[in-house]
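# Overview (structure and organization)
Okay, here's what each chain looks like letter by letter:
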Amino acid sequence: MRDISGSLARQAWAVAAVCLVADAGLFLIAGPPLSLGWQAWVVLLGGILANIALAGPSRYSGWVSAAHGALLTAAPLLLYPYDHYLQATNAGVLIAGYRAGAWLSTKPALAALTAMLAGLVACNVIPVDRADRDWRLLLIDVGVSGLLPWMVGRYTTARRAYIADLQRAEEQRRQHEAEAVRRAVAEERTTIARDLHDVISHHVSAIGVHAGAARLGLPAGEPAVRRSLSAVESSSRAAMADLRRLLDLLHGKENGDAQRQPGLDNLDDLLDNLRTAGLPARLTSHGGPRELPGSVDIALYRIAQEALTNALRHGSGGIVEIDLAYRQTEVVLTITNEIGHANAAAESTKRGLAGIRQRVALFGGQAECGPLDDGRSWRVRVGFPLEAQ
C-alpha cells in the first residue's frame, strides 16, 4: 500500500496555515489595536500558537482543543473592558472541535468538547459589548462554533468505521467463498482421480499383463504377432505412466516431479519403450538445445508420441527416423517411417493427425503430414515459432 503519511502531514500543515492566516488577519483588521498593550499581543500570539498546534499529531487533539477553549476564556479577561471584542480564534476552534470529535475516544472527546463549550460561553458573556446579548443567539453561536464541528467529527469517524467493517466483512465473505470453491474443486478432483484409478488403471494393467502372458506363450516363429503383443505391452506401460501423472495432478500433489508433464527430455524414454516393443528408432538433434515454453515442450512430446504410435501400429517395422532441429526462430520436429499397409496408414492418419494439427494450430505452429514421393514412407513434420535469442 502506498505510504501517504507525508501527504497527510503536509495537508495538516496547510489547514493550520489557513486557520492561522484567517484568525490573525481578522484579529489585526477588526480586533483591538495592538497599541492597547501587551494584552493584545498575548491574545494574538496565543491564537497563532493554538492554530499552529492544529498541525500536530492526532493524539494531542484533546490538548489542542483545551488550548483553544482556554484562549477563548482568557482573551476577554485580558482585554476587558475593551468594547467591540473580537473572538480570539474563529477558524481554529472549528478545526479543533472537528479533530477532537473525529480522532479521540469517547471520554477524551467529551472532555475536549466541554472545554471548548466553556470557552465559547465565556467569550460570549464576559465582554462588555455582549453583556445584554440575547441568550438564544449565544446558544446558536456555541452550537455552530463548538458542538457542530465536534458532531461532524464523530459522524465521520463512525461512518469510516462502518465502511471499514463492511469492507472487512465483504473480504471475509470472498475469502470464504474462494475457500469453499477450492475445497469443492479439490473434492471433485479427488473423486475423478479415484474413478480413473478404479475404472481405467485396473483394465489397462490387465491388458499389459495378458499381452505379456500371450507373448511368452507363443510358439517360436511368430515375429509379427510377437511385435504386436510387445507393442500392446509398451503402450499399456506408457498409458499407465501418463495415467499416474494425471492422477497426481488431480490429487494436487505439491511434488514438482509428480506435477510435471512429459516433454522433449522424455523422448529417450519413449523411444526405449518403442525399441522394447520391437520398433527400431533413431533420434537426431540439430542445434543447441533451447529452453522452450512449457506448452510447446509438452505439445512436441505428445505429437511425437502420437506419430510413433502410428508408426508402431501401421509401419513396416523399419527404422523410424526422429529429427529434432533447434533453429534461430523455430523448433522443428520431423518423424519419418516406412509404411506397412497404405490403406491402414491412411485411415490412421485421418483419425490421429487431426489431433496433431489441432495441437500445432493451438500454439501458432505449422504441420505437414503425408506420404513421401517414393510411396513407401510417411512423414510428420511440425514446427513452432520461437523468439530469436
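Here the structure is a predicted model, which is why all the values come from computation and not from measurement.

Reading the values: the criteria
- Residues numbered from 1 in each chain as written.
- Predicted model: local features only at pLDDT ≥ 70, side-chain atom pairs only at ≥ 80, totals over all residues.
- Heavy atoms only, no water.
- Buried < 20%, exposed > 50% of the residue type's maximum accessible area, 1.4 Å probe, protein only.
- Helix = DSSP H or I, 4+ residues; strand = E, 2+ residues; numbered from the N terminus.
- Pairing = 2+ DSSP bridges.
- Right-handed = clockwise from strand over helix to strand, strands pointing away.
- Axes fitted to C-alpha atoms, helices over the stretch in contact; angles between N-to-C directions.
- Left-handed = near helix turned anticlockwise from the far one by under 90°.
- Contact = heavy atoms within 4.5 Å.
- Nonpolar A, V, L, I, M, F, W, Y, C, P; charged D, E, K, R; others polar.
- Parallel < 35°, antiparallel > 145°, perpendicular 65-115°, else oblique.
- Salt bridge = Lys/Arg side-chain N within 4 Å of Asp/Glu carboxyl O.
- 1 Å grid on protein atoms, 1.4 Å probe; cavity = no way out; pocket = protein on both sides within 12 Å on 5 of 7 lines; lining within 4 Å.
- Points joined across faces, edges and corners; volume = space filled by probe spheres on them.
- Core = buried A, V, L, I, M, F, W, Y, C linked by side-chain atoms within 4.5 Å.
- UniProt positions renumbered as here; feature names shortened; annotations may be inferred.

## Quick word on the pairing of strand β2 (residues 320-326)
- By the criterion of burial, β2 is predominantly enclosed, with five of the seven residues buried.
- Where strand β1 (residues 281-286) lies against β2, six bridges are found, and the strand directions are parallel. Within β2, the position partnered with Ser285 by the bridge is Leu324.
- A crossover connection joins β1 to the parallel β2 through helix α10 (residues 294-314); in handedness this β-α-β unit is left-handed.

## Re the packing of helix α3 (residues 61-79) against helix α4 (residues 91-103)
- Close contact between α3 and α4 brings their axes to 9 Å; oriented N to C, the two are set at 145°. For the crossing formed where α3 meets α4, the hand is left-handed. The segment α3 lies against α4, with Ser61, Val64, Ser65, His68 and Leu72 engaging Gly92, Val93, Ala96, Arg99, Ala100 and Trp103.
- Looking at the contact of α3 with α4 residue by residue, the class counts come to six nonpolar, four polar and one charged.

## Here we look at the packing of α4 against helix α5 (residues 106-125)
- Viewed as axis vectors pointing N to C, α4 and α5 meet at an angle of 160°, and their least axial separation amounts to 9 Å. The orientation of α4 with respect to α5, classified from their angle, is roughly antiparallel. Relative to α5, α4 is oriented so that their crossing is left-handed. Of α5, the residues touching α4 (which contributes Val93, Ala96, Gly97 and Ala100) are Ala109, Ala112 and Met116.
- Residues that form the contact of α4 with α5 fall into these classes: six nonpolar, one polar and no charged.

## Topic: the pattern of salt bridges
- A complete count under the given rule lists nine salt bridges for this structure.
- With a closest N to O distance of 2.3 Å, Arg173 and Glu170 form a salt bridge. Highlighted residues: Arg173 and Glu170, both in helix α6 (residues 135-216), separated by three residues, approximately one helical turn.
- Exposure remark for Arg173: the relative accessible area of 37% places this residue in the partly exposed category.
- Close ionic contact of Glu179 with Arg183 constitutes a salt bridge, the shortest N to O distance being 3.6 Å. With Glu179 and Arg183 both in helix α6, this residue pair falls four residues apart, about one helical turn.
- Residue Glu179 is classed as partly exposed on the basis of its relative accessible area of 31%.
- A single salt-bridge network, built from bridges that share partners, covers Glu170, Glu171, Arg173, Arg174 and Glu177.

## Some thoughts on empty space enclosed by the protein
- Throughout the structure, instances matching the rule amount to three cavities of 30 Å³ or more.
- Of the voids in this model, the second largest cavity is the one considered here, and its volume is about 60 Å³.
- Around the second largest cavity sit Leu20, Asp23, Ala24, Phe27, Val43, Leu44, Gly47, Ile48, Asn51 and Ala88, which together line it.
- Elements with a contribution of two residues or more to the lining of the second largest cavity: α1 (5-30) and α2 (38-52).
- Its residues placed into classes, the lining of the second largest cavity shows seven nonpolar, two polar and one charged.

## Focus: the sheet that holds β2
- Across the sheet, five strands lie side by side as β1-β2-β3-β5-β4; this open sheet has mixed pairing. The sheet is open, and its two borders are formed by β1 and β4 (366-371), each paired with just one other strand. The average undirected angle you get between the axes of adjacent strands in this sheet is 10°.
- Each of β1 and β2 is contacted by helix α9 (residues 267-276), which is oriented at about 160° to β1, the strand it contacts most.

## Some details on the nonpolar core
- Core analysis: the biggest nonpolar cluster contains 36 residues, and Leu300, Val382 and Phe384 have the highest contact counts within it.
- If you list the elements that add at least two residues to this core, you get α9, α10, β2, β3 (330-338), α11 (342-362) and β5 (377-385).
- No other element matches α10, which puts 10 residues into this core.
- Apart from residues no more than four positions distant in its own chain, Val382 is found in contact with Leu300, Ile303, Val331, Val332, Leu333, Ile356, Val360, Gln366 and Ala367.
- Counting 13 residues, the second largest nonpolar core, distinct from the first, contains Val64, Ala96, Leu120 and Val142.

## Structural notes on the UniProt feature "transmembrane region" (unreviewed entry) in the protein
- UniProt's feature table lists "transmembrane region" (unreviewed entry) at residues 12-30, 36-56, 63-82, 109-128 and 135-152, given in the numbering used throughout.
- Across residues 36-56 one finds 71% helix and 0% strand; the C-alpha atoms that close the span lie 32 Å apart.
- Here residues 63-82 runs as 85% helix and 0% strand, with 29 Å between its end C-alpha atoms.

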